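The lines below spell out each chain.
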Amino acid sequence: MSTRLDAARPYALGLFRIVIGLLFAAHGAASLFGVLGGAMGTRGGTIEAGAWPGWYAAVIQLVAGGLVLLGLGTRGAALIASGSMAFAYFDVHQQVALWPIQNGGELSVLFCWTFLLLVFTGSGAFGLDRVVASRRATPAKERTPEPIAA
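Attention in this report is confined to the structure presented alongside it. What you are looking at is a predicted structure, and each value in this text was computed from that prediction instead of being measured.

### A short note on the overall build of the chain
The helix and strand inventory of the chain stands at six helices and zero strands. The linear arrangement of helices and strands in the chain, starting from the amino end, is α-α-α-α-α-α. Its C-alpha atoms give the chain a radius of gyration of 21 Å, clearly above 15 Å, the size a compact globule of 150 residues would have. The C-alpha extent of the chain, read off along each of the three principal axes, is 80 × 50 × 25 Å. Counting all 150 residues of the chain, 31% fall into the buried class. In the chain, once contacts between residues fewer than 6 apart in sequence are set aside, the share between residues at least 24 apart is 64%. Put simply, the chain shows about 10,100 Å² of open surface, and 67% of that area lies on carbon and sulfur atoms. Averaging the positions of the 10 positive and the 7 negative side-chain charges in the chain gives two centres separated by 9 Å.

### Examining the packing of helix α1 (residues 2–33) against helix α2 (residues 54–70)
Helix packing for two helices is described by the angle between their axes and how far apart those axes are. At a closest axis distance of 7 Å, the pairing of α1 and α2 adopts a crossing angle of 150°. By the angle between their axes, α1 is roughly antiparallel relative to α2. Crossing of α1 against α2: the hand is left-handed. Between α1, through R17, I18, G21, L22, F24, A25, H27, G28, A29, S31, L32 and F33, and α2, the contact on the second element is made entirely by W55, A58, V59, I60, Q61, L62, A64, G65, G66, V68, L69 and L70. Among the residues making up the contact of α1 with α2, the classes are represented as 16 nonpolar, seven polar and one charged.

What counts, and where the lines are drawn
Residues numbered from 1 in each chain as written. Predicted model: local features only at pLDDT ≥ 70, side-chain atom pairs only at ≥ 80, totals over all residues. Heavy atoms only, no water. Helix = DSSP H or I, 4+ residues; strand = E, 2+ residues; numbered from the N terminus. Rg over C-alpha atoms; globule rule 2.2 N^0.38 Å. Buried < 20%, exposed > 50% of the residue type's maximum accessible area, 1.4 Å probe, protein only. Contact = heavy atoms within 4.5 Å. Areas by Shrake-Rupley, 256 points an atom, 1.4 Å probe, with all protein chains shown as cover. Lys, Arg positive; Asp, Glu negative; His and termini not counted. Charge placed at Lys NZ, Arg CZ, Asp CG, Glu CD. Axes fitted to C-alpha atoms, helices over the stretch in contact; angles between N-to-C directions. Parallel < 35°, antiparallel > 145°, perpendicular 65-115°, else oblique. Left-handed = near helix turned anticlockwise from the far one by under 90°. Nonpolar A, V, L, I, M, F, W, Y, C, P; charged D, E, K, R; others polar.

Here it is in structure tokens:
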């Protein structure tokens, strides 16, 4: 059974990455564009452009979530996303109480550790990272010039 599960690991990781990226990007889209119920606490509204730190966090959520979803630059995007969620937890939630269950920071903690895991595992299957890597690994054929016929 372990052999079959090990063989399925890249596909499970790829699906995991897609779901997490979609959820994270949806948070950014909601905050920036007012879709999907809008930003939290705004009753369908958006975060004011340039407002610190919410608007910048939403941009990171949308862009990094989209990149993770596509599996393009997964490790770098996941590192930035993980850092932004660590900042959200320590700057916003931990001021309320120490434990995530007390301060409402469970989602920030879960996203932080989830993205940190993706930093170390990579994109798995179905990611554009693999397409880019395979193109770089395939050397271009050297073309020999054809003789010019007279």
